[in-house]
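Architecture at a glance
The residues making up each chain are set out below.
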Number of protein chains: 2
Amino acid sequence: MTSPAPTRSRKAQIDHTATALFRAQGFAATSMRELATALGLEAGSLYSHIKSKEEILHRVCFGLAQEFFAGFEQATSQAASIGGQLRQAIEAHVRVLTRDVAASAVFLHEWRHLSEPARSEFLALRERYEAQFRALVQRGLDAGELAAPDAAFATLTLLASLNWLPTWYRPDGKLSPDDIAHRLADQLINGLSPMGE
Amino acid sequence: MTSPAPTRSRKAQIDHTATALFRAQGFAATSMRELATALGLEAGSLYSHIKSKEEILHRVCFGLAQEFFAGFEQATSQAASIGGQLRQAIEAHVRVLTRDVAASAVFLHEWRHLSEPARSEFLALRERYEAQFRALVQRGLDAGELAAPDAAFATLTLLASLNWLPTWYRPDGKLSPDDIAHRLADQLINGLSPMGE
DNA sequence: CCTACCGATCGGTAGG
DNA sequence: CCTACCGATCGGTAGG
């Protein structure tokens with residue numbers, strides 16, 4: 001009567017603890033011994049649950065990529081104005097970011113420690129995601145619902161504001177993820193100018 | 001007849017090459033042997049010019065901090081409307097970022113590999129810089145020249161958009177640093193809404 | 001999941 | 001600026 005469940009949960013535990021360490025210290029500066037100690041076991045024991053250090057990073061990065069795609073998909077599938085869809089997409093992005101800030105930070109900053117071909121695959125995914133956002137902004141410009149000299153530039157700036165969130169967001173702060181999502185969408189769409197709306 | 005000049009230039013060369021490597025691979029994942037090879041010498045030889053690996057990181061991080069402060073100082077010392085000062089400060093920030101993108105990326109992402117007390121000192125400097133920006137935004141809100149529910153939140157978002165720049169900026173792109181600075185300032189202040197101006 | 005260990009590589013130093 | 005080397009630590013494995 002072997003039970004596979006504890007193994008799976010141990011693996012999830014490893015991923016979770018590793019993600020926190022990768023975020024705080026970076027992938028390269030986090031040792032497997034450190035990770036093992038944080039989990040209360042010896043370094044060698046990790047390898048009955050995982051194949052390598054990079055495997056953890058791979059799972060975190062590609063798992064989050066999937067979440068971002070799912071969020072965007074859902075946000076833009078509902079019939080709405082382009083502006084409304086953009087707003088939904090921004091809020092979906094923020095929800096994924098705030099659901100697990102540590103994983104998000106790793107997704108955003110540690111992916112370059114993936115070795116090939118995973119690294120290129122990851123970059124292709126990220127580019128595809130940005131392209132979806134860009135296309136949405138472009139449709140907004142074409143429809144006259146948005147104004148900007150350049151969809152690519154506008155999209156980059158927009159995603160930049162969102163992606164800085166894991167740097168300062170604290171789950172116990174006074175703003176809920178939805179508050180943050182709404183404010184970000186407001187500020188990005190209306191700007192800081194009092195004429196903005 | 002010893003000449004001290006080559007030594008100083010060698011040190012600058014080391015800093016420059018190290019900065020590029022730190023940016024591309026991260027501080028922890030960059031070895032001194034790699035750095036030495038990139039400079040055409042042996043690992044041990046580096047230590048006649050520098051004291052440690054961290055010393056390089058320290059110089060880059062604190063050097064850039066100084067540039068940001070100088071830029072802000074200059075931008076806000078000229079008499080102008082609050083909105084004008086904010087615009088100048090944004091443009092100054094972008095100019096520092098684009099002057100050396102590699103150093104900027106290291107400043108933004110690798111500072112956490114500083115050991116104490118340098119790490120805390122660095123964070124204090126960064127906080128002080130953000131506080132200056134925040135105060136400027138707050139004055140804009142008070143004067144009715146800007147509109148936002150919260151100066152802190154608005155400032156964070158604003159700096160986020162700017163600080164993502166080293167991720168995508170290429171010096172050989174079609175937009176000059178000043179073009180980028182102007183567009184960023186426009187988009188951040190006026191938003192993406194067609195009513196924005 | 002542990003003990004014991006592997007080869008490789010790390011930042012840095014001594015002595016020239 | 002090089003050669004030769006230090007002690008420490010790395011990711012990972014074998015065998016139980």
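Refer to the structure printed above.
Keep in mind it's a predicted model, so treat the numbers as computed, not measured.

1. Section: the protein's contact with DNA strand C
- Every one of the 15 residues lining DNA strand C counts as a neighbour, but Glu42(A), Ser45(A), Met32(B), Arg33(B) and Lys53(B) are closest to it.
- For DNA strand C, the backbone portion of the atoms within 4 Å of the protein, that is sugar and phosphate, comes to 59%.
- A distance of 2.8 Å separates a phosphate oxygen of DNA strand C from a polar atom in the backbone of Glu42(A).
- Ser45(A) has a polar side-chain atom sitting 2.5 Å from a phosphate oxygen of DNA strand C.
- Broken down by class, the residue content of the surface near DNA strand C amounts to 3 nonpolar, 7 polar and 5 charged.

2. Some words on the layout of surface pockets
- The calculated volume of the second largest pocket comes to roughly 600 Å³.
- Lining the second largest pocket are 26 residues, and of these Glu127(A), Glu130(A), Arg134(A), Leu156(A) and Trp168(B) sit closest to its centre.
- In terms of residues, the lining of the second largest pocket owes the most to one element, helix H7 (residues 151–163) of chain A, which gives 7 residues.
- Taken together, the residues that form the lining of the second largest pocket break down as 14 nonpolar, 5 polar and 7 charged.

3. Examining the packing of helix H4 (residues 82–99) of chain B against helix H9 (residues 177–190) of chain B
All names here are of chain B.
- Look at H4 against H9: their axes get within 9 Å of each other, and the N-to-C directions meet at 135°. In terms of axis orientation, H4 runs oblique to H9. Read as a crossing pair, H4 and H9 show a hand that is right-handed. Across from Leu86, Arg87, Ile90, Glu91, Val94, Arg95 and Thr98 in H4, the residues of H9 making contact are Pro177, Asp178, Ile180, Ala181, His182, Leu184, Ala185, Asp186 and Ile189.
- Grouping the constituent residues of the contact of H4 with H9 by class yields 9 nonpolar, 2 polar and 5 charged.

4. Focus on the packing of aromatic side chains
- Using the criterion set out here, one finds 22 aromatic pairs over all chains in the structure.
- Ring centres 5.0 Å apart and planes at 70° place the aromatic pair Phe22(B) and Phe27(B) in the edge-to-face group.
- Relative to Phe107(B), the ring of Phe68(B) has its centre 5.1 Å away and its plane inclined at 40°; by these criteria the two rings are tilted. Of the two residues, Phe68(B) is situated in helix H3 (residues 53–77) and Phe107(B) in helix H5 (residues 101–109); the sequence distance between them amounts to 39 residues. An identical accessibility class is assigned to Phe68(B) and Phe107(B); each is buried.
- One aromatic cluster is present, built from ring pairs that chain together Phe62(A), Phe68(A), Phe69(A), Phe72(A), Phe107(A), Trp111(A), Phe122(A), Tyr129(A) and Phe133(A).
- Against the face of Phe27(A) rests Lys53(A), its NZ or CZ located 4.5 Å from the ring centre.

5. Examining the protein's contact with DNA strand D
- Near DNA strand D, the surroundings consist of 15 residues, among which Met32(A), Arg33(A), Lys53(A), Glu42(B) and Ser45(B) are the closest.
- A share of 59% of the atoms of DNA strand D within 4 Å of the protein falls on sugar and phosphate groups.
- Note that a phosphate oxygen of DNA strand D is positioned 3.4 Å from one of the side-chain N or O atoms of Ser31(A).
- Interatomic distance of 2.8 Å between a backbone N/O atom of Lys53(A) and a phosphate oxygen of DNA strand D.
- Looking at the surface near DNA strand D residue by residue, the classes come out as 3 nonpolar, 7 polar and 5 charged.

6. Quick notes on unusual backbone geometry
- A cis amide bond, omega 5°, links Glu116(A) with the succeeding residue Pro117(A).
- Among the secondary structure elements, Pro117(A) is positioned in the loop between helix H5 (101–109) and helix H6 (118–142).

7. Here we look at the relation of the copies chain B and chain A
- If you rotate chain B by 180° and push it 0.0 Å along the axis, it lands on chain A with an RMSD of 0.0 Å. Both copies of the chain, as the preceding transformation shows, are related through a two-fold rotation axis. For chain B, the residue whose C-alpha comes nearest the rotation axis is Gly191(B), separated from it by 1.7 Å.
- When the interface residues of chain B are mapped onto chain A, 100% of them again lie at the interface, so the same face is used by both copies.

Rules behind the numbers
Residues numbered from 1 in each chain as written. Chains lettered and ligands numbered in written order. Predicted model: local features only at pLDDT ≥ 70, side-chain atom pairs only at ≥ 80, totals over all residues. Heavy atoms only, no water. Near = heavy atom within 4 Å. Polar contact = N/O pair within 3.5 Å; in protein donor to acceptor, adjacent residues only side chain to side chain. Nonpolar A, V, L, I, M, F, W, Y, C, P; charged D, E, K, R; others polar. 1 Å grid on protein atoms, 1.4 Å probe; cavity = no way out; pocket = protein on both sides within 12 Å on 5 of 7 lines; lining within 4 Å. Points joined across faces, edges and corners; volume = space filled by probe spheres on them. Helix = DSSP H or I, 4+ residues; strand = E, 2+ residues; numbered from the N terminus. Axes fitted to C-alpha atoms, helices over the stretch in contact; angles between N-to-C directions. Parallel < 35°, antiparallel > 145°, perpendicular 65-115°, else oblique. Left-handed = near helix turned anticlockwise from the far one by under 90°. Contact = heavy atoms within 4.5 Å. Phe/Tyr/Trp six-rings, centres within 6.5 Å; stacked < 30°, edge-to-face > 60°. Buried < 20%, exposed > 50% of the residue type's maximum accessible area, 1.4 Å probe, protein only. Lys NZ or Arg CZ within 6 Å of the ring centre and 35° of its normal. Least-squares fit on C-alpha atoms with pLDDT ≥ 70 in both.

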